[in-house]
Amino acid sequence: MNTNRTFFLESLGCAKNLVDSEVMLGCLLNEGYELVSAVEEAAIIIVNTCSFIEDATRESLDTILEFAELKQTGACTHLVVCGCLPQRYKDELLQELPEVDLFLGAGGFQNIAAHLQALADNTVSKRLVADRPAFLLTDKTPRMLSVPGGSAYIKIAEGCSHHCTYCTIPSIKGPYRRRSSASIVKEARQLSADGIGEINLVAQDTTRYEGLDGLLKKLVAIKDLTWVRLLYCHPRHLTPDIIRLMAGEEKLCRYIDIPLQHIADPVLKKMGRRITRKKTEALISSIRRICPDIALRTTFIVGFPGETERDFEALLSFAEDTGFDHLGAFQYRDEEGTPASRLPDKIPEKVKKERYNLLMRGQADISRKKNSRFKGREIQVLVEGISANEHYNLQARTEFQAPEIDGVVYLKEPVTIGSFQRVKITRTLTYDLVGRVLEDSTE
Ligand code: SF4
């Protein structure tokens, strides 16, 4: 083993960041670098950071400082920080983090091998490379999947041209730009040939993809693919045609992840969401009409500047009436440089917390009730890995559960990870289910 070419990569943040990390893995392995699983053994430590909100920034900084110590105690000779943190904070980091040898912004990760070679040759001219992101991966971009379990993300577009007033992503990732559908289909074919059964389409806004229905039709035509899932839909771009396709195509998961952020018109207006309560409710009811058993996931922000008790009550009753299968929420925080951070009428932390707890307590009841309808049902699952719950061996997901963000189905039977199985749901919990494998479909 050539010790100064060993590397460890820590991937923080969202599924889109994970794809970037997998591209870096692919590029470095192609150049003969050796991936190690123990960070202490790595000569090169790479942290792919997230920084879209304060908590994510803090987690990135804590991780960098933890790994920086290994330059004293471990094998680490070079510490490299990539992604959203250097793209967002640029020069500030140069002073604050002298332990870091190289900062690569959100648009430079694909050239990681060349940058590491320059570090090794001591010919680095700039410690920070954070040009305006323009890169778009293709089916020819090296990539090594990092998560076993028969599932993979495909990034269909990059950046965002919406300008929600609280969001830093457009300033970090740049404007919306899409990949060609030919390149996406080729990548999906390659992944399915490598044994991937589930493809999860990601972008900041997947529904902005022109010709999305055509792309979905090409993807479900790939013989060995079992599931195609759409994540990160935007309510202004999700069309009934896409829902109809979902209702009619067995391989298209009957699952919609659609972050709505709020429902009260005054708040939606201040957020710059450019959609109204009336339009949102009409969209939800058309989704349910066209595809009654679809699973809906959403995200809300509570405590946005100026959010009145009445606005919050509207959100609470909307969440209750709609009955989302999966719901996540954030307590609003000022993000430096965003228009929302300059808005008056900030909500006290105590009130934000109360509103967050009220919303999530209500959702726990809804989730428990919705899960109970699965009791006794026979359903197909994808076995994704070792169970996080010690009482079970493995965990799987139904088409109504997305990777990493939703509940799972716990299993005892020792079936193959990455296989699709038919199970009977024997128990339902607040967020998770328990299943019994009917017959091992891999035997
Ligand atoms: S749609 Fe809005 S919240 Fe989502 S990434 Fe774009 S600007 Fe941010």
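Presented here is a report on the structure given in the accompanying data block. Keep in mind it's a predicted model, so treat the numbers as computed, not measured. (Residues numbered from 1 in each chain as written. Predicted model: local features only at pLDDT ≥ 70, side-chain atom pairs only at ≥ 80, totals over all residues. Heavy atoms only, no water.)

## Side note on the overall build of the protein chain
This is how it is decided: Only runs of H or I of at least four residues qualify as helices and only runs of E of at least two qualify as strands under DSSP, and these elements are numbered from the N terminus. Using C-alpha atoms as the atom set, the radius of gyration is obtained and then compared with a globule rule of 2.2 Å times the number of residues to the power 0.38. Each residue's exposure class comes from its accessible area (1.4 Å probe, protein chains only) as a fraction of the maximum for that residue type: buried when under 20%, exposed when over 50%, partly exposed otherwise. Shrake-Rupley sampling with a 1.4 Å probe provides the accessible areas, and residues are treated as covered by the protein chains on show and by no other component. Only four residue types enter the tally: Lys and Arg on the positive side, Asp and Glu on the negative side; His and the chain ends are excluded. To locate a charge, take NZ of a lysine, CZ of an arginine, CG of an aspartate or CD of a glutamate.
Within the protein chain, the regular secondary structure consists of 14 helices and 19 strands. Taking 443 residues into account, the globule formula puts the C-alpha radius of gyration at 22 Å, and the protein chain, at 22 Å, falls close to it. A principal-axis box enclosing the C-alpha atoms of the protein chain has dimensions of 65 × 60 × 45 Å. In the protein chain, which comprises 443 residues, the proportion classed as buried is 56%. For the protein chain, the accessible area works out to roughly 19,300 Å², and carbon and sulfur atoms hold 51% of it. With 58 positive and 61 negative side-chain charges, the protein chain shows a spacing of 7 Å between the two charge centroids.

## Brief notes about unusual backbone geometry
Positive phi outside glycine occurs at Q261, with the angle close to 70°. Looking at the secondary structure, you find Q261 in the loop between β12 (252–257) and α11 (265–271). Taking the relative accessible area as the measure of exposure, Q261 reaches 11% and is therefore buried. Of note, the phi angle at R274 is positive, near 50°, even though the residue is not glycine. Tracing the sequence through the fold places R274 in the loop between α11 and α12 (277–290).

## Things to note about the pattern of salt bridges
The line we're drawing: When a carboxyl oxygen of Asp or Glu is within 4 Å of a side-chain nitrogen of Lys or Arg, the pair counts as a salt bridge.
This model, assessed by the stated rule, comprises 30 salt bridges. Where D139 meets K140, a salt bridge forms, and the shortest distance between an N and an O atom there is 3.5 Å. Residue classification places D139 among the partly exposed residues on the basis of a relative accessible area of 25%. We classify K140 as exposed; its relative accessible area is 65%. What emerges from the salt-bridge pattern is a single network uniting D20, K155, E158 and K173.

## Some words on the nonpolar core
Heads up, the condition is: Only buried residues count toward a nonpolar core, which is a set of Ala, Val, Leu, Ile, Met, Phe, Trp, Tyr and Cys residues joined through side-chain atoms within 4.5 Å. Contacts: residue pairs with any heavy atoms within 4.5 Å of one another.
I156, L201, L219, I256, F300 and L359 are the most contacted members of the largest nonpolar core, which has 53 residues in total. With 6 residues, the top contributor of residues to this core is helix α13 (residues 309–322). The contact partners of I156, leaving out residues within four places of it in the chain, are R178, R179, I184, L201, V202, A203, T206, Y209, L212 and L215. Counting residues in hydrophobic clusters, the runner-up holds 49 residues, among them L28, I112, L116 and L231.

## Focus on helix α9 (residues 212–220)
Let me state the cut-off plainly: It is the directions from the helix axis to the C-beta atoms that the arc portrays.
Turning to α9, its buried residues number three or more, namely L212, L215, L216, L219 and V220. Looking straight down α9, one finds its buried side chains confined to an arc of 130°; they lie on one side.

## Let's talk about the packing of aromatic side chains
Let me state the cut-off plainly: Aromatic pairing here means that ring centres of Phe, Tyr or Trp (its six-membered ring) are within 6.5 Å. Orientation follows from the plane angle: under 30 degrees is stacked, over 60 is edge-to-face, and everything else is tilted.
Following the criterion strictly, the structure yields 11 aromatic pairs and no others. Centre to centre, the rings of W227 and F420 are 5.0 Å apart; their planes meet at 80°, and the pair counts as edge-to-face. Placement of W227 in strand β11 (residues 227–230) and of F420 in strand β18 (residues 420–428) is noted, with a sequence separation of 193 residues between them. The two residues W227 and F420 agree in class, both being buried. Taking the centre distance of 5.9 Å and the plane angle of 80° together, the rings of F300 and F324 count as edge-to-face.

## Notes on the sheet that holds strand β6 (residues 128–129)
What counts, and what does not: We call two strands paired when DSSP finds no fewer than two bridges between them.
Pairing in this open sheet of 6 strands is parallel, and the strands run β2-β1-β3-β4-β5-β6 from one edge to the other. At either margin of the open sheet sits one strand with a lone partner, and together these are β2 (34–35) and β6. Across 2 bridges, the pairing between strand β1 (residues 6–11) and β2 is parallel. Looking across to β2, one finds that F7 is bridged to L35.

## Overview of the environment of D265
Turning to its location among the elements, D265 is positioned in helix α11. Accessibility expressed as a relative area gives 37% for D265, which makes it partly exposed. When the C-alpha atoms of D265 and R277 are compared, they prove to be 5.8 Å apart, with 12 residues separating the residues in sequence. Once residues within four sequence positions are removed from consideration, D265 is found in contact with T276 and R277.

## Structural notes on the site of the ligand
In plain terms, the rule: Nearness here has a simple test: a residue counts as near a molecule or strand if at least one of its heavy atoms is within 4 Å of that partner. Residue classes follow a fixed rule: Ala, Val, Leu, Ile, Met, Phe, Trp, Tyr, Cys and Pro count as nonpolar, while Asp, Glu, Lys and Arg count as charged, and any other residue, Gly among them, counts as polar.
As a structural note, the neighbourhood of the ligand is formed by C160, H162, C164, Y166, C167, I169, P170, Q204, H234 and R273. Split by residue class, the shell around the ligand holds 6 nonpolar, 3 polar and 1 charged.

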